[in-house]
Every structure is written in structure tokens, then in C-alpha cells.
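Structural description and commentary
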Amino acid sequence: MGAVVWVTGTQEVEEAHASEAAGGGSTTETPSGTETSGETTTEAPAAAGDAEAGKQVFESAGCAACHTLADAGATGTVGPSLDQTKPSAAVVVDLVTNGRGAMPPFADKLSETQIQDVAAYVSSAAAAS
Ligand code: HEC
């Protein structure tokens, strides 16, 4: 008879577990493996990414199809020439993450690290051209 009290107690514990499992669950995994050993780039404090890795992102993500960027040998004309607009890293992060007009968002195609990297690359390569 007194067992009912115990059953209630167990249910409470189970509910706590269930809501815990439902609450978490948005872990964003960042692919590692693009570590660089040399740390000699100390120009723009805004560029947190790795420009070397960003060049690969620029080429593989298809940016070159729409944008001109001399450093990458890109001659696309759908979007503005990045050699001309010379966007800051912050602008690149914003555009690549959210898109704008005919520019598609890449938030679900590229990781946050890749977006930081391509921003570091585009901002430095465009400024140098
Ligand atoms: C399908 C074509 C297309 C692709 C692919 C594309 N873009 Fe764009 N991009 C555009 C267009 C069009 C605009 C102009 C958007 C507007 O302002 O209306 C633009 C704007 C930009 C700007 C802002 C330029 C400025 O200074 O105002 C940046 C930076 C940029 N793109 C970077 C990238 C990068 C980096 C990639 C690859 C990850 C990329 N784009 C891929 C079409 C594209």
C-alpha cells in the first residue's frame, strides 16, 4: 500500500531526465584539422580566421563563380568584384553567413570556422590587390 509514494518519486526523477534530454541537443561541431603552426599574421585584429585555409574555402564553396578576386584567380561577375569593394572581414562574415540579394547564405554549408577563415582570406587578399 505505501508503495504508491515510491512510484511517484521515481516518476519525478524520470521527468527531470526527460526534460534535460529535450533541452540540450544543439551542439555545433567544428571540424578540426586546419591548425597552423606559424603565428606570424598580426595585422587586422578583426580577422580571427586563417587566411590560408580560407583560400581553400573560397575555391571549394563556389565564391569564385560569382566574384572576381585576383589573388584566387576568380573572375566571376554575378556579384561585385571583391578586388574593388575590398570588404572588411566583418562584412564577409555577415554576407557569407546571412546572404544578401542574389548572394546565397552559407551558414548551413560552411562551419563558423570556415566562414572566419574565408573572411580573413577575402579581406586580406582584396586589400592587397
Ligand atoms: C550565386 C552567386 C554568389 C556566390 C556563390 C557568392 N556570392 Fe558573394 N555576392 C553575390 C552578390 C550578387 C552580391 C551582392 C549582394 C547585394 O548587395 O545585393 C554578393 C556580395 C558579396 C560581398 C559583399 C561585397 C561588398 O563589399 O559589398 C561579399 C564580401 C561576398 N559576396 C563574398 C562572398 C564569398 C566569400 C562567397 C563564397 C563563400 C560568395 N560571396 C559567394 C553573389 C554570390
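It should be noted that the structure appears before, not after, this text.
Summarised in this report is the structure supplied together with it. (Residues numbered from 1 in each chain as written. Predicted model: local features only at pLDDT ≥ 70, side-chain atom pairs only at ≥ 80, totals over all residues. Heavy atoms only, no water.)

Brief notes about the nonpolar core
A general tendency of soluble globular proteins is for nonpolar side chains to be buried together. To keep things clear, this is the line we draw: We define the nonpolar core as a collection of buried residues of types Ala, Val, Leu, Ile, Met, Phe, Trp, Tyr and Cys that are connected through side-chain atoms lying within 4.5 Å of one another. Buried, partly exposed and exposed residues are distinguished by accessible area as a fraction of the type maximum, computed with a 1.4 Å probe on protein chains only: under 20%, between the cut-offs, and over 50%, respectively. Secondary structure elements follow DSSP: runs of H or I no shorter than four residues count as helices, runs of E no shorter than two count as strands, and numbering proceeds from the N terminus. Only heavy atoms enter the contact rule, under which two residues are in contact if any of them lie within 4.5 Å.
Within the largest apolar cluster, 21 residues are counted, with the highest numbers of intra-cluster contacts made by Phe-58, Leu-69, Val-96, Val-118, Tyr-121 and Val-122. Of all the secondary structure elements, the ones that give two or more residues to this core are α2 (51-60), α4 (89-98) and α5 (112-128). Not counting the four nearest positions on each side in its chain, Phe-58 is found in contact with Cys-63, Ala-64, His-67, Leu-69, Ala-72, Ala-74, Leu-82, Val-118, Tyr-121 and Val-122.

Describing the layout of surface pockets
Left-over empty space is what a probe sized like a water molecule reveals as it rolls over the atoms. Stated precisely, the cut-off is as follows: Buried and open spaces are told apart on a 1 Å grid over the protein atoms alone, a cavity being a set of points where a 1.4 Å probe fits but cannot get out and a pocket being an open set with protein on both sides within 12 Å along at least five of seven lines. Residues with an atom within 4 Å of a point are the lining residues. Grid points are joined across faces, edges and corners, and a volume is the space filled by probe spheres set on the points. In this classification, the charged set is Asp, Glu, Lys and Arg, the nonpolar set is Ala, Val, Leu, Ile, Met, Phe, Trp, Tyr, Cys and Pro, and all remaining amino acids, among them Gly, are polar.
Size it by volume and the second largest pocket reaches roughly 450 Å³. If you go around the second largest pocket, you meet 22 residues; those closest to its centre are His-67, Pro-80, Leu-82, Leu-95 and Met-103. Breaking the lining of the second largest pocket down by element, the ones donating at least two residues are α3 (82-85), α4 and α5. Counting residues per element, the lining of the second largest pocket draws most heavily on α4, which supplies four residues. Split into classes, the residues belonging to the lining of the second largest pocket amount to 17 nonpolar, four polar and one charged.

Points about the packing of aromatic side chains
Inclusion rule: Two aromatic rings from Phe, Tyr or Trp, using only the six-membered ring of Trp, form a pair when their centres are within 6.5 Å; if the ring planes differ by under 30 degrees the pair is stacked, by over 60 it is edge-to-face, and anything between is tilted. The criterion for a charge sitting over a ring is simple: Lys NZ or Arg CZ within 6 Å of the ring centre, and within 35 degrees of the ring normal.
Counted by the stated rule, this structure contains one aromatic pair. Between the aromatic rings of Phe-58 and Tyr-121, the centroid separation amounts to 6.0 Å while the plane-to-plane angle is 65°, which identifies the pairing as edge-to-face. A residue pair is termed long-range when its members are at least 10 positions apart, and Phe-58 in helix α2 and Tyr-121 in helix α5 qualify at 63 residues. Taking relative accessible area as the criterion, Phe-58 reaches 1% and is therefore assigned buried. In this arrangement the basic side chain of Lys-109 is found over the ring face of Phe-106, its NZ or CZ atom lying 5.3 Å from the centre.

Some points on the site of the ligand
How we decide: Throughout this document, a residue counts as near a molecule or strand when at least one of its heavy atoms sits within 4 Å of that molecule or strand. Counting of polar contacts relies on pairs of N or O atoms within 3.5 Å, with two restrictions inside protein: one atom must be capable of donating a hydrogen and the other of accepting it, and residues adjacent in sequence are counted only when both atoms are side-chain atoms. What decides whether a molecule sits in a cavity or pocket is whether more than half of its atoms lie within 2 Å of the grid points.
In the vicinity of the ligand lie 19 residues, with Cys-63, Cys-66, His-67, Arg-100 and Met-103 positioned nearest. Here a nitrogen atom of the ligand and a side-chain polar atom of His-67 are 2.7 Å apart. In the model, an oxygen atom of the ligand is placed 2.8 Å from a nitrogen or oxygen of the Arg-100 side chain. Most atoms of the ligand, that is more than half of them, are within 2 Å of grid points of the second largest pocket. Counting residues per element, the ones that place at least two in the shell around the ligand are α3 and α4. Considering every element that reaches the shell around the ligand, the biggest residue donor is α4, with three residues. For the shell around the ligand, a count of residues per class yields 13 nonpolar, five polar and one charged.

Focus: α2
The line we're drawing: By arc we mean the arc of the directions from the helix axis to the C-beta atoms, nothing more.
Residues of α2 that are buried: Ala-53, Gly-54, Val-57 and Phe-58. What you see down the axis of α2 is that its buried residues fit within an arc of 150°, all on one side. Residues Glu-52, Gln-56 and Ser-60 are exposed on α2 and point more than 90 degrees away from its buried face. In this structure, the buried side of α2 is in contact with β1 (68-69), β2 (74-75), α3 and α5. The residue sitting at the N-terminus of α2 and contributing the capping side-chain oxygen is Asp-50; that oxygen lies 3.0 Å from the backbone nitrogen of Glu-52. Of the residues trailing α2, Gly-62 is marked for its positive phi of about 95°.

What is shown is where atoms sit, not what they do.
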